[in-house]
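# Structural features, examined
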Amino acid sequence: EYIGNSYASHYRQSDGNHTFWTAGIGTANAAITFTQLLELKRDGRAIAQYTANAWIHFNGQTPVINDSYNVSSLGDNGTGWFYAYIDIDLENANSAAVASASNANNTYNLNVGTAVQVVSYVAIMCWGDQTGTSHSAVDPEFVSMIVMGD
């Protein structure tokens, strides 16, 4: 059992980066295989499967970024279409991106989706039911998006 064994985890500091590994299930006498769980980068990013790679909260009507992490800018490509440009590219395009939106009074139904996800940006689409009878592209007051993965 690895509990209490000094070989159950591994830590490395190099060039301002900090990396943590842990060992899987097994015995201390067998060959130990370590799995990297977390890397703290010198630029302040934390790289792990359970941390956000990027996120943004913005006003879709102006459009202005209210707050963000690892997003360099916001592109407005017409009503309901936005591009969140990733500052430091994702490792691959297999991350999960989700988004949500609302207006100040929550007076109409809003739908948000992400599309065209590549390593350098995430496209965000917003549409809603403003009249009670039809759906069309809208620029919501509040839009949030988060990317998880490598």
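Look up a bit, the structure's there.
The following paragraphs examine the structure supplied in this document. (Residues numbered from 1 in each chain as written. Predicted model: local features only at pLDDT ≥ 70, side-chain atom pairs only at ≥ 80, totals over all residues. Heavy atoms only, no water.)

Attention shifts here to the overall build of the protein chain. A count of helices and strands for the protein chain gives zero helices and 13 strands. Each helix (α) and strand (β) of the protein chain, taken in turn from the N terminus, gives the series β-β-β-β-β-β-β-β-β-β-β-β-β. Within the protein chain, buried positions represent 31% of all 150 residues. Sequence-distant contacts, at least 24 apart, represent 47% of the contacts inside the protein chain between residues at least 6 apart. For the protein chain, the exposed surface amounts to about 8,600 Å²; the carbon and sulfur share of it is 50%. (Helix = DSSP H or I, 4+ residues; strand = E, 2+ residues; numbered from the N terminus. Buried < 20%, exposed > 50% of the residue type's maximum accessible area, 1.4 Å probe, protein only. Contact = heavy atoms within 4.5 Å. Areas by Shrake-Rupley, 256 points an atom, 1.4 Å probe, with all protein chains shown as cover.)

A few words on the nonpolar core. Membership of the largest hydrophobic core comes to 18 residues, with the highest contact counts inside it found for Ile56, Phe58, Ile124, Met145 and Val147. Setting aside residues no more than four positions away along its own chain, isoleucine 124 makes contact with Phe58, Gly80, Trp81, Phe82, Ala84, Ala99, Val112, Gly113, Val143 and Met145. (Core = buried A, V, L, I, M, F, W, Y, C linked by side-chain atoms within 4.5 Å.)

Looking now at the sheet that holds strand E9 (residues 96–102). Spatial ordering of the open sheet is given by E6-E5-E13-E9, a layout of four strands whose pairing is antiparallel. Among the strands making up the open sheet, the edge pair consists of strand E6 (64–69) and E9. Mean inter-strand twist for the sheet, computed between neighbouring axes without regard to direction, equals 10°. Bridge analysis of strand E5 (residues 52–59) against E6 gives five bridges, and the strand direction is antiparallel. Across the sheet, residue histidine 57 finds its bridge partner in E6, namely aspartate 67. (Pairing = 2+ DSSP bridges. Axes fitted to C-alpha atoms, helices over the stretch in contact; angles between N-to-C directions.)

A separate point is a nonpolar patch on the surface. Taken together, the side chains of Tyr11, Phe20 and Leu40 present a nonpolar region at the surface, about 250 Å² in accessible area. You can see tyrosine 11 is positioned in strand E1 (residues 9–14). Given a relative accessible area of 43%, tyrosine 11 falls into the partly exposed group. (Patch = residues over 30% accessible without salt bridge, like charges linked within 9 Å, V, L, I, M, F, W, Y side chains within 5 Å. Salt bridge = Lys/Arg side-chain N within 4 Å of Asp/Glu carboxyl O.)

Counted according to the given criterion, the structure contains four aromatic pairs. For the pair tyrosine 83 and tyrosine 121, a centre-to-centre distance of 5.0 Å together with 65° between the ring planes defines the contact as edge-to-face. You can see tyrosine 83 sitting in strand E8 (residues 81–86) and its partner tyrosine 121 sitting in strand E11 (residues 121–129), a full 38 residues away along the chain. Since its relative accessible area comes to 16%, tyrosine 83 is described here as buried. Measuring from ring centre to ring centre gives 5.9 Å for tyrosine 85 and tyrosine 121, while their planes differ by 50°; the resulting arrangement is tilted. Here tyrosine 85 is found in strand E8, whereas its partner tyrosine 121 is found in strand E11, with 36 residues between them in sequence. In this structure tyrosine 85 comes out as partly exposed when scored by relative accessible area, which is 31%. Chaining the aromatic ring pairs together yields one cluster made of Tyr83, Tyr85 and Tyr121. (Phe/Tyr/Trp six-rings, centres within 6.5 Å; stacked < 30°, edge-to-face > 60°.)

Geometry only, nothing functional implied.
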